[in-house]
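Residue-level structure breakdown
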Amino acid sequence: MENGDEEEHIAGSTSITRLLVAVRLRPLSQRELDRDNCTVVARAADSHQVQLIDPIDDDDVLRKDRPREWLYEYDYVFPESTDQVELYQKTTKSLIDWVIEGYNATVFAYGATGAGKTYTMLGTEDSPGVIVLALVDLFEHIEHHQALPHRPRFDVTMSYLEIYNENIRDLLSGSSEPLDLREDAHRGVVVSGISSVIARSAEEVLGYLEQGNKNRIQEATGANEVSSRSHAVLQVQVSCKHINAKNATVQRYGKLSMIDLAGSERAAETQNRGIRMIEGANINRSLLALANCINALVDSKKGKYVNFRDSKLTRLLKDSLGGNCRTVMISNISPANHNFDETHNTLKYANRARSIKTKVSQHVFHRTDPCSVALNAIRADLTNIRENLRSPPQLPSRLRKRTHTDPPPSAESSARPHWDSTPSTAHAKHKPDTYITDMRSEVQQIFAEQVHIRNEIIGADAEIWECLDAIGKAKRDVEGLTRRLDKSDEDQREGGATGLERAKMKVGRHEKRKIGASRKRGELVGRLDELDERLQELFQVSVYKEKQCNGLQHPLASD
């Protein structure tokens, strides 16, 4: 609701949905093939089941009675030969339509380090991953919807962050300053101070994505040559606005979150030391908190407390796991025997996650613009005036006598207004006065001008809001440049001062533009008031003339 100018209420369908869980097996790496006694312990039994075999030694007496084979069932199981497009179409493609319709959706990759999560989410230049395919598909859907008759308007914004050592960093700005999480009553968990950019095409979004990936922290470990040392979260917000048949503005908001989680790791396997070991400990801590939340959500005890505040990751995933969101979980596993424990844990938590249900609601806002309401009222009044002007005032019954010499009226002549027929000389002086025609013309001109003015007021309001957005962005640029100047040395400060002055000048230009638009709006409102006063005068004259006409004595009324 904007300054009380618009009435707003939320409406939309609500449904219960379950997490969609898929498992993807990656091929054996060259490093695994070079190891001694490398065997495959996990395989896809079919398109919905994974078979896991414990690689224990047959001579191990203490463990010989333990079960050695498990069969887990999921929504989808993708073997090593599955390509990126097939995985995307079966797991994530359907989320795009939900986001455009005003729902929240999340897809995230889960698994141990080196299991192929980053490849699944980001892919390569020749084989793009889920994130790239989803962004391209999103803008294709938007282009298709914009060609519909009601021509909706779409706005797409995105933000990109990483959680590194339990600190949130903005990947688009490249700043290393940690950001804070905040709880919002309407938007849920939000990141305070994160930069959000407007994207108009898939190429532009992919450019921002590439820019953010360059700022993401990745290092080589003993288990993975390119190991992600942080959890990456890409959030794309889609706003759709159109005018319905009742001239009310209908606006939908959807958010698509795509998350590439860092993998759990064992220090003995990764051979980490120093800062790499600290990173691994924080990664395991956040993934343990995630596993605890999954266990609590599927617990049979109703009302059991779910501690999402144990980690920054679980706080961000609060809506995705137990809130208003459609969620897809892609679990990545390695089929090698030396990764058996990590693979077994991943399959167990993925199987538990299938039981999580979320309540999803559509984010739809119906906003009634006062200008549209007034415009509808004007159109209704104009229609009534036209009908009244087409139908002349009826004479009293005592004036409806006719002479014996007058022929009886035919059906065709009686259906027409009496001034449209050919009158006799005696009746010619009783034709309607020309003031009716003149008044009708003036009323039509006034209403046409009012419609034009109201359209200009709507345009002025849009320009004012555009200026306010531009002013807010420019002020944020000024604040950012000011902070950078404070931290920079003397040589950098001289060049940065010029950019700061330009940013301040931009703020001033938008302020002047806003003032001009506000002044123009005031003039238009004043002109509307003048036209309303003129309409009242015309209505009063119309009433007076009608009474005067009804009081006339027809010359044929006397005997």
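The model shown is predicted, which means the values in this text are computed figures rather than measured ones.

Secondary-structure assignment places Asn307 in the loop between helix H8 (275–297) and helix H9 (312–316). Residue class for Asn307 comes out partly exposed when judged on its relative accessible area of 28%. For the pair Asn307 and Leu290, spaced 17 residues apart in the sequence, the C-alpha separation amounts to 9.5 Å. Here Tyr305 takes part through its side chain, which lies 3.4 Å from a polar atom of the side chain of Asn307. Of note is the side chain of Asn307, whose polar atom sits 2.8 Å from the side chain of Asp310.

What follows deals with the nonpolar core. Judged by nonpolar contacts, the single largest core of 45 residues is most densely connected at Tyr74 and Leu290. Looking at this core element by element, the count peaks at 6 residues for H8. Leave out the neighbours within four places in its chain, and Tyr74 touches Val21, Val23, His48, Val50, Leu347, Ala350, Asn351 and Arg354. Counting residues in each nonpolar core, the second largest holds 42 residues, with Phe78, Phe139, Met258 and Ile330 among its members.

Within this structure, the stated rule accounts for 4 aromatic pairs. Each ring, one from Tyr76 and one from Phe78, has its centre 6.0 Å from the other, and the planes form 20°; the classification is stacked. Assessed through its relative accessible area of 26%, Tyr76 is described here as partly exposed. A relative accessible area of 2% places Phe78 in the buried class. Over the ring of Trp98 we find Arg326; its NZ or CZ atom is 3.5 Å from the centre of that ring. Sitting above the plane of the Tyr103 ring, Arg326 keeps its charged end 6.0 Å from the centroid.

So, about the side chain of Ser311. Looking at the secondary structure, you find Ser311 in the loop between H8 and H9. Given the relative accessible area of 3%, Ser311 is considered buried. Within the structure, Ser311 has its side chain in polar contact with the side chain of Glu166 (distance 3.2 Å). Apart from the residues within four sequence positions on either side, Ser311 is in contact with Glu166, Ser286 and Ala289.

Our next topic: the side chain of Asn337. With respect to the helices and strands, Asn337 occurs in the loop between strand E18 (326–333) and helix H11 (340–353). In this structure the side chain of Asn337 is engaged in a polar contact, spanning 2.9 Å, whose partner is the backbone oxygen of Asn37. Sequence-distant contacts of Asn337, that is, excluding residues within four places in its chain, are made with Asn37, Cys38, Thr39, Val41 and Pro55.

Let us now look at the packing of H8 against H11. Packed helices, taken two at a time, are described by their axes: the angle between them and the distance between them. Running from N to C, H8 and H11 point in directions that differ by 40°, and their axes come no closer than 9 Å. As far as their axial angle goes, H11 and H8 are oblique. The crossing of H8 and H11 is left-handed. Contacts between H8 and H11 pair Ala291, Ile294 and Asn295 from the former with Tyr349, Arg352 and Ala353 from the latter.

On to the pairing of strand E9 (residues 153–164), then. Two faces belong to every sheet, and in a regular strand the side chains alternate between them. In terms of residue burial, E9 counts as a mostly covered element, since 9 of its 12 residues are buried. With 11 bridges connecting them, E9 and strand E16 (residues 231–243) associate as antiparallel partners. Residue pairing across strands places Glu162 opposite Ala232, the latter belonging to E16. As paired strands, E9 and strand E13 (residues 197–199) are joined by 3 bridges and run antiparallel to one another.

What follows covers the environment of Gln84. Structurally, the position occupied by Gln84 is in helix H2 (residues 84–91). Residue classification places Gln84 among the buried positions, given a relative accessible area of 4%. Residues within four places of Gln84 in sequence aside, it is in contact with Arg24, Tyr119, Thr120, Gly123, Ser127, Pro128, Gly129 and Leu133. From its side chain, Gln84 meets the backbone oxygen of Ser127 in a polar contact 3.5 Å long.

This next bit is on the pattern of salt bridges. Under the definition given, this model contains 15 salt bridges. Residue Asp75 pairs with Arg18 through a salt bridge whose shortest N-O separation is 3.0 Å. On the criterion of sequence distance, the pair formed by Asp75 in the loop between strand E6 (69–73) and strand E7 (76–78) and Arg18 in strand E2 (residues 14–18) is long-range, its members being 57 residues apart. Among the charged side chains, a salt-bridge network with shared partners connects Arg18, Asp75 and Arg354.

Following both chains from N to C, one finds H2 and helix H5 (residues 130–146) inclined at 60°, their axes separated by 10 Å at the closest point. What the angle tells us is that H2 and H5 run oblique. Viewed along their axes, H2 and H5 form a crossing whose handedness is right-handed. The segment H2 lies against H5, with Gln84, Val85, Leu87 and Tyr88 engaging Val130, Leu133, Ala134 and Asp137. Classifying every residue of the contact of H2 with H5 by side-chain character gives 6 nonpolar, 1 polar and 1 charged.

On to helix H6 (residues 202–215), then. An α-helix turns once every 3.6 residues. As a result, residues three or four positions apart point the same way. Compared with an ideal rise of 1.5 Å per residue, which puts 14 residues at 20 Å, H6 spans 20 Å between its outermost C-alpha atoms and is within 8% of the ideal. Buried residues of H6: Ala202, Val205, Leu209 and Gly212, and no others. Around the axis of H6, the buried residues are gathered within 85° of arc, so they sit on the same side. Away from the buried face of H6 by more than 90 degrees, exposed residues Glu203 and Lys214 are located.

With 10 of its 13 residues buried, E16 lies for the most part within the structure. As paired strands, E16 and strand E17 (residues 249–260) are joined by 12 bridges and run antiparallel to one another. Across the sheet, residue His242 finds its bridge partner in E17, namely Val250.

About the thresholds
- Residue indices begin from 1 for each chain and proceed along its sequence in written order.
- Under the rules for a predicted model, residues below a pLDDT of 70 receive no local features and side-chain atom pairs below 80 are neither given nor counted, while totals for whole chains, interfaces and linings still include all residues.
- Note that the side-chain values use all heavy atoms of the structure and ignore hydrogens as well as water.
- A helix here means a DSSP run of H or I that spans at least four residues, while a strand means a run of E at least two residues long, and both kinds are numbered starting from the N terminus.
- Burial classes: relative accessible area under 20% of the type maximum marks a residue as buried, over 50% as exposed, and values in between as partly exposed (1.4 Å probe, protein chains only).
- A 3.5 Å cut-off defines polar contacts: any pair of N or O atoms within that distance qualifies, except that in protein one atom must be a possible hydrogen donor and the other a possible acceptor, and neighbouring residues in sequence count only when both atoms are side-chain atoms.
- Side-chain atoms within 4.5 Å are what join buried Ala, Val, Leu, Ile, Met, Phe, Trp, Tyr and Cys residues into a set we call a nonpolar core.
- By the convention used here, residues are in contact when the closest approach between their heavy atoms is within 4.5 Å.
- Centres within 6.5 Å make a pair out of two Phe, Tyr or Trp rings, where for Trp the six-membered ring is used; the pair is then stacked when the planes are under 30 degrees apart, edge-to-face when over 60, and tilted otherwise.
- Charges are assigned to positions over rings by a cutoff of 6 Å between ring centre and Lys NZ or Arg CZ, combined with an angular limit of 35 degrees from the ring normal.
- The axes used here are C-alpha line fits, helices contributing only the stretch in contact, and every angle between their N-to-C directions lies in the interval 0 to 180 degrees.
- Should an angle fall under 35 degrees it is called roughly parallel, over 145 degrees roughly antiparallel, and 65 to 115 degrees roughly perpendicular, with every other angle called oblique.
- Crossing handedness is defined as follows: a turn of the near helix away from the far one that is anticlockwise and smaller than a right angle gives a left-handed crossing, while the clockwise case is right-handed.
- One requirement defines pairing of two strands: DSSP has to find at least two bridges between them.
- Salt bridges are counted wherever a side-chain nitrogen of Lys or Arg sits within 4 Å of a carboxyl oxygen of Asp or Glu.
- Residues are grouped as follows: nonpolar covers Ala, Val, Leu, Ile, Met, Phe, Trp, Tyr, Cys and Pro; charged covers Asp, Glu, Lys and Arg; every other residue, Gly included, is treated as polar.
- For a helix, the expected span equals 1.5 Å multiplied by the number of residues minus one.
- Regarding the arc, it is the one traced by the directions from the helix axis to the C-beta atoms.

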